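# An overview of the molecular structure
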Amino acid sequence: GKRLPRRYVTWFALLTAALVLVISTGNTERVSAQSGTGWAEPTVLYQYTDTTESTVTPINRPTIIADSAGGLHLFWAIVSPPEESAIFYMYGDGQTWSNPVDILVGPNRTQTNSNASVALDSQGFLHVIWQNSGLYYSRAHLSQAGTALGWSTRELIAPSSVVNALFVDHAG
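Below is a short write-up of the structure. Because the structure is a prediction, the values reported are computed rather than measured.

What counts as what
- Residues numbered from 1 in each chain as written.
- Predicted model: local features only at pLDDT ≥ 70, side-chain atom pairs only at ≥ 80, totals over all residues.
- Heavy atoms only, no water.
- Core = buried A, V, L, I, M, F, W, Y, C linked by side-chain atoms within 4.5 Å.
- Buried < 20%, exposed > 50% of the residue type's maximum accessible area, 1.4 Å probe, protein only.
- Helix = DSSP H or I, 4+ residues; strand = E, 2+ residues; numbered from the N terminus.
- Contact = heavy atoms within 4.5 Å.
- Pairing = 2+ DSSP bridges.
- Axes fitted to C-alpha atoms, helices over the stretch in contact; angles between N-to-C directions.
- Polar contact = N/O pair within 3.5 Å; in protein donor to acceptor, adjacent residues only side chain to side chain.

## Considerations on the nonpolar core
Judged by nonpolar contacts, the single largest core of 16 residues is most densely connected at Phe 75, Leu 126, Val 128 and Trp 151. Mapped onto this core, the elements with two or more residues apiece are β4 (72–78), β5 (86–92), β6 (101–104), β7 (114–120), β8 (125–131) and β9 (135–141). When residues of this core are assigned to their parent elements, the largest contribution, 3 residues, is made by β8. Apart from residues lying up to four places away in sequence, Phe 75 is in contact with Arg 61, Pro 62, Thr 63, Ile 65, Phe 88, Tyr 89, Ile 103, Val 118, Leu 126, Val 128 and Trp 151. Core analysis: the second largest hydrophobic core is formed by 6 residues, Trp 76, Ile 78, Ala 86 and Phe 88 among them.

## A look at the sheet that holds β9
Strand order in the open sheet made by the 4 strands is β7-β8-β9-β10, with antiparallel pairing throughout. Unpaired on one side and paired on the other, β7 and β10 (155–158) mark the two borders of the sheet. Between one strand axis and the next, the sheet turns by 30 degrees as a mean value, whatever way the strands run. Where β8 lies against β9, 7 bridges are found, and the strand directions are antiparallel. Counted as the bridge partner of Leu 126 is Ala 140 from β9.

## Overview of the pairing of β9
Counted residue by residue, β9 has 5 buried out of 7 residues, so it is predominantly covered. If you look at the hairpin formed by β8 and β9, you'll find 3 residues sitting between the two strands, and Ser 133 has a positive phi there, around 50 degrees. Sheet topology places β9 next to β10; 3 bridges connect them, and they run antiparallel. If you follow Leu 135 over to β10, its bridge partner there is Ala 158.

## Remarks on the pairing of strand β3 (residues 59–66)
The pairing of β3 with β4 spans 6 bridges and is classified as antiparallel. Counted as the bridge partner of Asn 60 is Ala 77 from β4.

## Section: unusual backbone geometry
Even without a glycine there, the phi angle at Asn 115 is positive, about 55 degrees. Topologically, Asn 115 is positioned in strand β7. Here the phi dihedral of Ser 133 falls at roughly 50 degrees; this positive angle occurs in a residue that is not glycine. Structurally, Ser 133 is set in the loop between β8 and β9.

## With respect to the environment of Asn 108
Residue placement: Asn 108 occurs in the loop between β6 and β7. Considering only alpha carbons, one finds Asn 108 and Pro 82, 26 residues apart in sequence, at a separation of 9.0 Å. Each residue touching Asn 108, except ones within four places of it in the same chain, is listed here: Asn 132 and Ser 133. A distance of 3.4 Å separates the side chain of Asn 108 from the side chain of Ser 133, its partner in a polar contact.

The values reported here are purely geometric and, on their own, carry no functional implication.
Structural data, given as structure tokens:
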């Protein structure tokens, strides 16, 4: 099989060592205080309430990705009830966030849309795969990601649900 380039192995080893250091010290406050940065207070960006039951519904697999300009792109799924299930998107600049937009749904409205995996390529396209009684793919340019019409027509890439993860290689 193919071997990972040495630089990826080196970065992975460094990140693993840093994570082990933080976990083994058991004192993340001290680590963040030493670096001069602390964590901001958590902010609720989105909360879905099922209107039929007036209950808060958990979101599925939130994923955040940063672009080269520092923009933050947040994706998640609402999985229950299935007829309201979708992949959602928000954009943030570090201070403010856009309103949530439901950008993608699969063709099976009796199945949930879930497990979105996201990657950003060197051309500025966001790529998303997600499950909906099959594995689907769509993409949008960063400039169009905040609207459902900015996303390409979904494509079925696997007929049954599989564990998924999406990555962009060094070529972009």
